[in-house]
Amino acid sequence: MSAAAGTRSAGTRSADGLVLTVEQDRVAVDASNVPLGDVLAALSREVGVSVRSADALAERVTLRFPATSFDDAVSRLLKDRGFSIRFGDAGRRPIAIYVFGRRAPVDADRVHLQLGLTDADPVTRVGAVLGLATTADTGAEAISVSLQGVLDDPDPAVRDFAIVALSELPGGAGNRVLERLLRDDDPQSREDVVHALAELEDVDSLRLLRTVADDLDADVRVSAGAAIAERRLLADPR
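How each quantity is defined
- Throughout this description, residue numbers start from 1 for each chain and increase along the sequence as written.
- Where local features are concerned, this predicted model is filtered to residues with pLDDT of at least 70; where side-chain atom pairs are given and counted, the filter is 80 or more; whole-chain, interface and lining totals use all residues.
- The side-chain figures draw on all heavy atoms in the structure; neither hydrogens nor water molecules are used.
- The rule for a salt bridge is simple: a side-chain nitrogen of Lys or Arg has to be within 4 Å of a carboxyl oxygen of Asp or Glu.
- Per the convention used, a helix needs a DSSP run of H or I reaching at least four residues, while a strand needs a run of E reaching at least two, with both numbered from the N terminus.
- Partly exposed describes any residue whose relative accessible area lies between the buried limit of under 20% and the exposed limit of over 50%, with all areas from a 1.4 Å probe on protein chains only and scaled to the type maximum.
- A fitted line through C-alpha atoms represents every axis, and for helices the fit uses only the stretch in contact; the resulting angles, taken between N-to-C directions, go from 0 to 180 degrees.
- Angle categories: roughly parallel below 35 degrees, roughly antiparallel above 145, roughly perpendicular from 65 to 115, and oblique for all the rest.
- Pairs of residues are marked as contacts when any of their non-hydrogen atoms sit within 4.5 Å.
- All residues other than Ala, Val, Leu, Ile, Met, Phe, Trp, Tyr, Cys, Pro, Asp, Glu, Lys and Arg, Gly among them, are scored as polar; the first ten of these are nonpolar and the last four charged.
- Crossing handedness follows the turn of the near helix against the far one: under a right angle anticlockwise gives a left-handed crossing, and clockwise gives a right-handed one.
- Regarding the arc, it is the one traced by the directions from the helix axis to the C-beta atoms.

A. Representation of the pattern of salt bridges within the structure. In total, this model carries seven salt bridges according to the counting rule given. In this structure, the salt-bridge partner of Arg190 is Asp215, at a minimum N-O distance of 2.9 Å. Taken as a pair, Arg190 in helix H8 (residues 187-197) and Asp215 in the loop between helix H9 (203-210) and helix H10 (218-235) lie far apart in primary sequence, 25 residues in all. Pair check on accessibility: Arg190 and Asp215 agree, each one buried. For the salt bridge of Arg207 with Asp204, the shortest nitrogen-to-oxygen distance reads 3.5 Å.

B. Region of interest: the packing of helix H4 (residues 122-133) against helix H6 (residues 156-167). H6 packs onto H4 with a crossing angle of 5° between their chain directions and a minimal axis gap of 9 Å. Taken together, the axis directions place H4 and H6 in an arrangement best described as roughly parallel. Packed against H4, whose contacting residues are Pro122, Arg125, Val126, Val129, Leu130 and Ala133, the element H6 presents Ala157, Val158, Phe161, Ala162 and Ala165 at the interface. Across the contact of H4 with H6, the residue classes break down as 10 nonpolar, no polar and one charged.

C. Spotlight on the packing of H6 against H8. Taken N-terminus to C-terminus, the directions of H6 and H8 make an angle of 45°; their axes are 9 Å apart at the nearest point. With respect to their mutual orientation, H6 and H8 come out oblique. Of the two possible hands of crossing, H6 and H8 adopt the one that is right-handed. In contact with Asp160, Ile163, Val164 and Ser167 of H6, H8 contributes Ser189, Asp192, Val193 and Ala196. Its residues assigned to classes, the contact of H6 with H8 comprises four nonpolar, two polar and two charged.

D. View of the side chain of Asp215. Classification of Asp215 by relative accessible area gives buried; the value is 9%. Those residues in contact with Asp215 that sit more than four places away from it in its chain are Arg190, Val220 and Arg221.

E. Geometry of helix H5 (residues 140-148). Along H5, the residues classified as buried are Ile143, Ser144, Ser146 and Leu147. Buried residues of H5 fall within an arc of 165° about the axis and therefore sit on the same side.

F. Representation of unusual backbone geometry in the model. In the Ramachandran plot, Asn33 falls in the positive-phi region, its phi being about 55° despite a non-glycine side chain. As for its position among the elements, Asn33 is in strand E3 (residues 26-35). Exposure remark for Asn33: the relative accessible area of 46% places this residue in the partly exposed category.

The following block contains the structure:
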């Protein structure tokens with residue numbers, strides 16, 4: 001997907017060792033012994049795209065190429081040097097570039113998801129939560145640690161998806177985190193955990209539900225009691 005839609009009006013911007021020429025949806029770059037990260041940052045500012053990097057991009061480059069699309073300029077800067085890139089999209093237009101070092105594609109995908117957990121866009125953060133929760137080559141304990149980082153997310157949807165993802169980790173890998181959340185001062189957090197546990201049928205989830213059966217908050221008590229009662233009905237449907 002092209003990022004050029006955000007390019008500013010024509011003009012030339014200069015900095016130490018770096019000249020960018022912007023012509024509508026095309027850019028030209030002339031860099032002399034400039035850190036790769038500085039070139040990319042300057043180029044991205046011109047099109048209103050933020051840069052998120054898992055690599056220092058400290059390598060100094062000397063390069064010159066004529067007017068080309070933003071996507072092609074990024075490829076010349078990064079892909080031609082062995083870096084991997086991903087675009088974070090908002091609708092039809094990329095709003096961020098995620099840059100990964102010279103690593104295996106699987107590692108790049110994992111780091112992409114990790115960076116996505118702190119993206120400014122809550123939809124991207126939700127997507128990162130869902131992606132991490134289904135990453136087959138990452139251990140459940142490692143996923144649990146990553147998901148803990150978004151339990152204080154300002155967006156309730158992100159927090160809720162993280163709680164559900166934790167409850168569904170194999171082997172009860174997220175149970176320690178959920179048990180801690182059931183002692184959280186915020187009754188909404190406790191109730192969110194109860195709703196996630198109510199969808200499960202294992203012994204551990206029932207044990208956790210019983211710990212809040214007499215919660216001080218009425219909504220938490222009612223939700224936990226309903227979930228426990230449902231378990232009893234399933235166990236003895238007579």
